[in-house]
Amino acid sequence: MTLQIAYSPCPNDTFVFDAWAHGRVPGAPAIDVTFADIDITNGMAERGEWDVLKVSYAVLPWVLAEYALLPCGGALGRGCGPLVLTREAGVALDGKTIAVPSERSTAYLLFRLWAAATVPGAVGDIVVMPFHEIMPAVRDGKVDAGLVIHEARFTYQQYGLHCLADMGEHWESTTGLPIPLGAIIAKRSLGDETLRLLAESIRTSVRMAWDDPQASRPYVLEHAQEMDPKVADQHIGLYVNEFTADLGADGCAAVRGLLTRAAAEGLVPPLGRDALSFV
C-alpha cells in the first residue's frame, strides 16, 4: 500500500518527513509525496483528497468528520507566531488591505482574534496570496500590510518592512499556551491500526532527523526555494520541537483553545467534545 501524502516544501516539513519519504523508517508504509502550499492542502482536505495532509489547525472544524488529527508531525511552539508587516512603523489597520496566506490558515485565525481585540475599526479587504509573495507585495505598495509565516520572521527586514504586531505574542500572553500552527491529518477510513502506524512512523522520522540532522540536509535545501541555509536551520530550530514529536497535554489544550475561541467569535464551526481524539 502506497499512501498519498501532501506537505509543504518548507524546511520544517522536509526535515520531519525526510527519513520516511526516503524509505529509512522501518515498517513505515510507502508514501507518494506531493508538495503544496498550505492554502492548497487546506482545500485538498476540505475536498477529501489525499490520505495524509499537512494543514492549518484552523481548517480542522471543517474536515474532522473525514480526517483524524495525528498527535505528532505538526507545528506548534512558542515565539513562532505569524507577524503583521507594514512599510511604515505604527500604521493603523482600520480600513487597510491585508494580504494573508489563506483565509482558512491558522495565521489568519490568530490575526482575526488579535484584530478583534486590538483594532478599533474593521480592517479592509483581505487578499489571499502565496506566502512568498506577501512581503514583496507590502514592500511594493500593492497591499497595506501582510500577514507572514515561516522563515519570513527572519527575513522581513531585508525587504525594509516593519513588524506591526506578533500574533504569537498576543496568543501566548492571553492564554499561556503554545501557538498552534500546522497539523498532520489522515483519513479515518484507513482504520485505527494504520493511523497508529502513521503516528509512530512520523515520530520515528522526527527522531531520526534529530539524531542525524545532516542526513536530511539535501532534501531540505533542495526544496527550500533558494533559502539561505542558515535561515533554513533557524526555521527548523523554531518549528520542529517537542510538540512535533507529541502534542501532549499543552499542545492539545492549545488546539482546542484556539478553535473554541474562534468558534465563540463565529469564525469556525464549534468542535464536538471528542473531535480531536486520536484512536
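What this report covers is the structure whose coordinates are included nearby. What you see is a predicted model; the values in this text were computed from it and never measured.

## Things to note about the overall build of the chain
Next, step 1: Within the chain one finds 12 helices and 11 strands.
Next, step 2: For a compact globule of 279 residues, the expected C-alpha radius of gyration is about 19 Å, and the chain comes in at 18 Å, within 12% of that figure.
Next, step 3: Computed over 21 positive and 34 negative side-chain charges, the separation of the two mean positions in the chain equals 3 Å.

## Remarks on the packing of aromatic side chains
Next, step 1: For the coordinates displayed, the defined rule picks out 6 aromatic pairs.
Next, step 2: Each ring, one from Y108 and one from F111, has its centre 6.3 Å from the other, and the planes form 25 degrees; the classification is stacked. With a gap of 3 residues between them, Y108 and F111 both fall in helix α4 (residues 106-118), about one helical turn apart.
Next, step 3: Here Y108 falls in the buried class, since its relative accessible area comes to 7%.
Next, step 4: Among the aromatic side chains, those forming a connected cluster through ring pairs are Y7, F17, W20, F35 and Y219.

## Observations concerning helix α8 (residues 192-211)
Next, step 1: Between its first and last C-alpha, α8 extends 29 Å over 20 residues, near the 28 Å set by a 1.5 Å rise per residue.
Next, step 2: Along α8, the residues classified as buried are T194, L195, L198, A199, S201, I202, R203, S205, V206 and A209.
Next, step 3: Summarising the contacts, the buried residues of α8 are in contact with β1 (2-7), α1 (11-21), β3 (52-56), β4 (67-69), β11 (179-187) and α11 (242-245).

## Some points on the pattern of salt bridges
Next, step 1: In this structure the tally under the stated criterion is 12 salt bridges.
Next, step 2: When the shortest N-O distance is used, the salt bridge between R24 and D18 registers 2.4 Å.
Next, step 3: D18 sits in the buried class, given a relative accessible area of 3%.
Next, step 4: Two residues, E172 and R78, come together in a salt bridge whose shortest N-O distance is 3.4 Å. Residue E172 is located in helix α7 (residues 167-175), and its partner R78 is located in the loop between β5 (75-77) and β6 (83-86); the two are separated by 94 residues in the primary sequence.

## So, the nonpolar core
Next, step 1: Judged by nonpolar contacts, the single largest core of 54 residues is most densely connected at Y57, L60, F111 and W114.
Next, step 2: Counting residues per element, this core draws most heavily on α4, at 8 residues.
Next, step 3: Residues contacting F111, with those up to four places away along its chain left out, are V84, L93, I98, V123, I126, L147 and M167.
Next, step 4: Formed by 31 residues, the second largest nonpolar core is a distinct cluster that contains I5, Y7, A199 and V231.

## Concerning the environment of V128
Next, step 1: Looking at the element boundaries, V128 is found in strand β8 (residues 126-128).
Next, step 2: As a C-alpha pair, V128 and Y108 span 20 residues in sequence and 10 Å in three-dimensional space.
Next, step 3: Once residues lying within four places of it in the same chain are set aside, the contact partners of V128 are D39, V100, P101, S102 and E103.

Definitions and cut-offs
Residues numbered from 1 in each chain as written. Predicted model: local features only at pLDDT ≥ 70, side-chain atom pairs only at ≥ 80, totals over all residues. Heavy atoms only, no water. Helix = DSSP H or I, 4+ residues; strand = E, 2+ residues; numbered from the N terminus. Rg over C-alpha atoms; globule rule 2.2 N^0.38 Å. Lys, Arg positive; Asp, Glu negative; His and termini not counted. Charge placed at Lys NZ, Arg CZ, Asp CG, Glu CD. Phe/Tyr/Trp six-rings, centres within 6.5 Å; stacked < 30°, edge-to-face > 60°. Buried < 20%, exposed > 50% of the residue type's maximum accessible area, 1.4 Å probe, protein only. Expected span 1.5 Å × (residues − 1). Contact = heavy atoms within 4.5 Å. Salt bridge = Lys/Arg side-chain N within 4 Å of Asp/Glu carboxyl O. Core = buried A, V, L, I, M, F, W, Y, C linked by side-chain atoms within 4.5 Å.

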